[in-house]
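Read off the chains here:
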Amino acid sequence: MNTPSATAGHAATPAWKEWLYTTDHKRIGVLYLIGSMAAFGVAGLMAIIIRLEQMDVGMQYISSGTQYNGFLYFHGAAMILAFLIPGLTGFAANYFLPLMIAARDVAVPRINAFSVWLFYFAIVLALLSFVIPDAPDIMWTGYPPYSITTAANTSFYVFTVHLLGFSSILGAVNFLVTVIYMRAPGIGWNQLNIFTWTTIAAFVLQLIFIPVLAAAVTLLLFDKYLGTHFYDPAAGGDVLLYQNLFWFYSHPAVYVIFLPAVGILFEILTTMCKNQVFNYKAAVYAGIWGIVGIAGIVWIHHLYVTGMPDWLRLGHMVTTLLISVPVGILTLSMWGTLYKSAITYNTAMMYAVACLYLILIGGLTGIPLALPSLTIHLSETAFVMAHFHFIMALFAAFALFGGIYYWFPKMTGRYADGGLATTSFWLNFIGVNVTFIPLFIIGVEGMPRRYWDYQMFPQFDGMHEIATYGSFIVAAGMLLQFANFIYAAVAGKKAPLNPWNSQSLEWTHTQSPPGPGNFIDDVVVDENWSPYNYNKD
Amino acid sequence: MNTDAHASAHAHHWEWSWAPMAVVAGVFFLVPIAFSGFFVYENTLMTAVGAGVGVILILAGVAKWVDEGLTQVPLISGVANIGLPIFILSEIFIFLSLFASYWLMRLGVDSWPPAGTPEISKTIPLIMTVILVSSSLTMHHAEAKLDHGDRSAFNKWLIITIVLGTVFLGFTAYEYNHLISVGFIPSTNIYSTAFYSITGFHASHVFVGLGAFIAVLLPSLGGRTNKTFVTCVSVYWHFVDVVWFFVASQVYFW
Amino acid sequence: MRLLTATITMATTAMLSTQAFAEGNLANPPAAWEELWNTVMLDITIIGVILAVAAVWMLFKFKATSPEQVGTAKKLTAVQAISWALIPAAIFMADDFYLAAKGWTVWNDYRRVPENAMEVKVTGYQWYWEFEYEDGTVTDELVMPVGQPVVLRMTAEDVIHDFGLPHYRVKEDVMPGRITYIWINPIEANETIVQCAEFCGDAHSDMWTSVRAVPQAEFDAWLSASAEESDFDIDEWKASWTKSQMTAAR
Ligand code: HEA
Ligand code: HEA
Ligand code: CUA
Ligand SMILES: [Cu+2]
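Every chain begins its residue count from 1, and numbering advances along the sequence as written. Chain labels run from A onward and ligand labels from 1 onward, assigned in the order the entries are written. Predicted model: local features are reported for residues with pLDDT of at least 70 only, side-chain atom pairs are reported and counted for 80 or more only, and whole-chain, interface and lining totals are derived from all residues. Only heavy atoms go into the side-chain values, all of them from the structure, while hydrogens and water stay out.

A. Representation of helix H3 (residues 65-100) of chain A. Residue and element names in this part refer to chain A. Across its 36 residues, H3 extends 48 Å between first and last C-alpha, which sits within 8% of the 52 Å expected from 1.5 Å per residue. If you look at H3, its biggest bend is around 50°, right at Ala-93. Taken across its 36 residues, H3 has 35 buried, putting it largely inside the fold. Remark: Ala-102 follows H3 within two positions and exhibits a positive phi of approximately 55°. By the criteria applied, helices consist of DSSP H or I runs no shorter than four residues and strands consist of E runs no shorter than two, each listed in order from the N terminus. Working rule for helices: expected span equals 1.5 Å times residues minus one. For a residue, the bend is simply the angle between two axes, fitted respectively to the seven-residue segment ending there and the seven-residue segment starting there. Buried, partly exposed and exposed residues are distinguished by accessible area as a fraction of the type maximum, computed with a 1.4 Å probe on protein chains only: under 20%, between the cut-offs, and over 50%, respectively.

B. Structural detail: the environment of His-141 of chain B. The topology assignment puts His-141 of chain B in helix H4 (residues 123-147). When the C-alpha atoms of His-141 of chain B and Ala-153 of chain B are compared, they prove to be 9.2 Å apart, with twelve residues separating the residues in sequence.

C. Representation of the domain arrangement of chain C in the model. Residues and elements named next belong to chain C. What the domain assignment lists for chain C is domain 1 (24-61 + 78-112) and domain 2 (118-230). In this analysis, two residues are considered to be in contact whenever any of their non-hydrogen atoms come within 4.5 Å of each other. Across the boundary between the two partners, domain 1 contributes eleven residues, which contact eleven residues of domain 2. Carbon and sulfur atoms supply 51% of the area buried between domain 1 and domain 2, which totals about 940 Å² over both sides. Salt bridge criterion: a side-chain nitrogen from Lys or Arg within 4 Å of a carboxyl oxygen from Asp or Glu. Taken together, domain 1 and domain 2 are joined by two salt bridges. One salt bridge connects Arg-111 with Glu-172, and the closest N-O pair in it is separated by 4.0 Å. Nitrogen and oxygen atoms within 3.5 Å of one another constitute a polar contact, given that in protein one can donate a hydrogen and the other can accept it, and given that sequence-neighbouring residues count only through two side-chain atoms. Our count for the contact surface shared by domain 1 and domain 2 stands at six residue pairs in polar contact (both at pLDDT 80 or more). Counting only elements with at least two residues in the side of domain 1 that touches domain 2, the list comes to helix H2 (29-61) and helix H3 (78-111). In terms of residue count, the dominant contributor to the side of domain 1 that touches domain 2 is H2 (four residues). The residue makeup of the side of domain 1 that touches domain 2, split by class, is six nonpolar, one polar and four charged. Domain boundaries shown here were taken from an automatic or database domain assignment. We define buried area as the total accessible area lost by two parts upon association, computed with a 1.4 Å probe and summed across both. The residue classification treats Ala, Val, Leu, Ile, Met, Phe, Trp, Tyr, Cys and Pro as nonpolar and Asp, Glu, Lys and Arg as charged. All others, Gly included, are polar.

D. Region of interest: the site of ligand 1. Residues are labelled near a given molecule or strand when at least one of their non-hydrogen atoms is within 4 Å of it. If you check the shell around ligand 1, you find 32 residues, and the closest are Trp-140, Tyr-255, Ser-379, His-387 and Arg-449 of chain A. Within the side chain of Tyr-255 of chain A, one N or O atom sits 2.7 Å away from an oxygen atom of ligand 1. Arg-449 of chain A has a polar side-chain atom sitting 2.8 Å from an oxygen atom of ligand 1. Where the shell around ligand 1 is concerned, the elements lending two or more residues are helix H8 (239-273), helix H11 (324-338), helix H12 (347-364), helix H13 (366-370) and helix H15 (382-412) of chain A together with H2 and H3 of chain C. Top contributing element to the shell around ligand 1 by residue count: H15 of chain A, with five residues. Grouping the constituent residues of the shell around ligand 1 by class yields 18 nonpolar, eleven polar and three charged.

E. Up close: the coordination of the copper ion (ligand 4). Residue and element names in this part refer to chain A. A donor here means an N, O or S atom no more than 2.8 Å from the metal, or no more than 3.2 Å when the metal is Na, K or Ca. Since water is not included, a site may seem to lack partners. Every protein donor of the copper ion (ligand 4) is listed here as His-251 (ND1), His-301 (NE2) and His-302 (NE2), and their distances to the metal cover 1.9 to 2.1 Å. In the primary sequence, the donor residues of the copper ion (ligand 4) line up as H-x49-H-H. Separating the copper ion (ligand 4) and the iron atom of ligand 1 is a distance of 4.6 Å. With a relative accessible area of 16%, His-301 lands in the buried category.

F. Looking closely at the coordination of the iron atom of ligand 2. Residues and elements named next belong to chain A. Protein coordination at the iron atom of ligand 2 comes from His-75 (NE2) and His-389 (NE2), with a distance range of 2.0 Å. When four donors show all angles between 85 and 135 degrees the site is tetrahedral, when four or six donors have opposite pairs over 155 degrees and all other angles between 65 and 115 it is square planar or octahedral respectively, and in every other case it is irregular. Each of the six donor atoms around the iron atom of ligand 2 contributes to a set of angles spanning 87 to 179°, which defines the coordination as octahedral. Taken together, the positions of His-75 in helix H3 and His-389 in helix H15 put the pair 314 residues apart, joining distant regions of the chain. Relative accessible area serves as the criterion here: at 11%, His-389 is assigned to the buried category.

G. Structural context of the arrangement of the chains. Contacts between protein chains span two pairs of chains, and they are most numerous for chains A and C. With respect to C-alpha atoms, chain B approaches chain C no nearer than 12 Å, and the pair has no contact.

This is the structure in structure tokens:
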């Protein structure tokens, strides 16, 4: 433990200071949770405006195309960079990874605090785009030359990415060191929780690929404000350089989201099924690390219609299809975990079951997109958009929400389950299907992305309308859900220390919520221990 | 693995420090706010306030952080020795991206350097290389002195290193100044684009390294050092030195 | 392992042979697209249904009957564990290569321009399209004679656009500093649209125009009329677009 001498008189420290200036990983985790949910709320509101605007042909609620573009920019950027990545690698990893390996904190707690504040100031910067003149309208991808020639303030986009990227890199360093050096005595590599493995894998991806994104956007900043020519073909630069650098990061980034989500799913499944992970070693070494291995060589599938050389497009078609091998092995482990199990249903498990469905729809619709000969039509349509909402916005977000229900008793000492939880689950689940399935259908017919108007396609009006009603259902579900969380945190039913009878260390060895230093006694395990040891014979 | 087996004997309490938040707030004002003030909104007041508030917050935060770092026992020791190289891995990738962009542009044109490039002195980068390499040696020497418990020699060699680093930056400033005066500015052509971006990015690393040295030196003059911290700044400095070979060879000589 | 090598060899030969087969006859990419789409949909539906049915069955079958009940699955033996990794991996790979081979063939249809194709130059601007025919005529819509393959050589003046033809199941980016191409084969008379499919700012969703396939005679008449017709004023047309910060900025 850090000695408190510098912060003398800690006994009298006011609670707000202990929270605001905290360096404790659990409290930092809670700060991440609050920030990422706030980002989700605001970006979700933007989604509702987007859906309202697309409900009918012509201009409805916005005053110009640029305004729509500003909303869509915020929606995409905030959902990915400020909701899912911080929610999964910030909140979930921060709070639970040290507990799962029985560490007393992360390796460098102050740098952890540094990371969370970088995240908060990035959100502030992103939110400022609503008040500044010329808010960014460049989409979350920020392609030049548009992002350079536009009058909008691209610099806020660049700096948001910088702050979040720096935050993630430092987090990655911190957590990698923590897992390597701070596992409790006896915890071997093959005894780690799947969540721990997926998180390290995600951090390895962040560490290697974020710098490339940082370079991409920095050069954008230089081009726009210092007059350099990296992306300027007239002077010998190349407009596609940006896209290559951007997707070299942003494809792996989807696995930064996907992997921890899968990890949470495994934690819920094993606990609620009281079963071990089916084929643990294959899941870890072929599944998780297979994805990491292949993540860096498929990015051209986002450039299938940019005139890249044919051999690159076809080569990346093959590598992209091959992602289904590691993901498929992980999928089999999930399915296998259900086999001969003893399933208890509760809200967390309902989200987990929904995830099994979402990973199939979202993942399998990636397969047609992997073929350039199909994507030559599908690219930039609502089909792509429905694909990534299913796998990312729904699968990963549902896993995160499931994780919140699962760990709620640990964080608050109370259950979040109940009538409100069940109702909001069903509203969310039905709502997202009503929203995004119609978009698959019109996407195949040619409905383009990033269109606030579709005069040329009046026949899509009906489907858009259904999708918009779907989004209202989701909005109602989400509102109920947040109401439920807040209610449950203060007045929910009291939960015992290990309400689900889990074997994982965060449940078996800590208080709810764990105090400073996490563990009352030092944790030591032997080689027969496993977080999934339910069937003792 | 967990070095604080005795920890359970301590009464646990919530840890806190305002230093990290102060530094982040400082970065926020110094970088996005001041930059936008200057380049986007062309508002002097916004720029000055952003930069002023930012610098103060960063200095206060770093001072507090260093102070705490020197008085507190870390949870586990020696992790910085592995943490820093992991971080450097990340830095390597950012330099790789820059070099990749540079070569992509360079190989895409017929003649190199492109029109509008003045004669760029090759002596200056040579002198700079010598300076930076010597500074790595002096830093290594300083570290060795500290290992032998010779603090005043450590301080002396550290100061020499800082001076060398500053001279290095002085040369950069001189060179930039000269080139700009002959009309070679970032927007001149794709070579100037890459030249200023890459050397400038490297120079910013030198600058950060110098800042870290000063953060080590000041407490050390008062008799306080932290072994891990010294190792870290030293490794970082060697990294910045090694990168310079790649920068100089590709940008000036290749 | 033997299974693995076998699949790879099989898939490679499949790939090579289908490729050879694709040469010769004049391709019809949209039809090939539909066929490929149906194949892929069938493929992923089978996978999806198998897994979904398995999941639903297990979710009902293995409900706990008492709170103390635990799962009874045994730890896999080494042989079982390896088989459960390698065999599925081989099956997934076989499917991947099968799809890759199919996709590769159709890709060749899309990229191999027929010898007799008519060239049309396309330029994208914020926010309109401009077409230039072989005789130098410049128009604001794309008209083609039925049965005449057309190759579009495309570039852009300002930012990246994308020439998207949903009816012909094809699109490709159009950008400054590069020339890209697509080709289409208008086999029957019809009227469809081209729309911009890459985000390009304020009026991105209004950047569309008509694409018509007409009988040869009608085409000839249209082309000569367009050549003379001077009432199309590009500046006037530009002015009719939503005023945006963009145009102001440039
Ligand atoms: C968490 C996020 C996430 C994840 C996990 C994925 C996963 C995948 N994605 Fe997706 N994708 C996005 C987020 C994500 N994607 C986003 C955000 C975009 C759009 C970005 C933008 O332009 O704004 C996008 C766009 C996108 C494109 C570009 C389309 C275009 O713009 O033109 C492509 C093309 O190949 C693609 C493919 C895939 C594939 C093949 C997978 C695979 O990983 C899926 C693998 C999973 C399965 C296949 C299912 C389970 C496996 C089995 C059941 C085994 C058996 C299966 C077989 C043998 C087939 N995605
Ligand atoms: C994690 C990622 C994520 C998530 C969760 C979502 C969620 C949603 N998205 Fe989005 N979306 C993206 C990522 C995501 N999206 C990305 C990357 C793009 C591409 C951007 C681009 O093109 O550049 C995109 C684009 C996109 C479009 C395309 C627009 C276009 O191309 O023109 C649409 C249109 O329907 C849409 C809709 C929705 C809807 C209805 C939801 C709903 O599920 C949202 C439901 C949520 C709410 C309704 C919030 C309700 C909660 C509250 C109100 C609680 C209050 C708050 C607190 C208490 C804190 N999204
Ligand atoms: Cu042009 Cu979009
Ligand atoms: Cu991708």
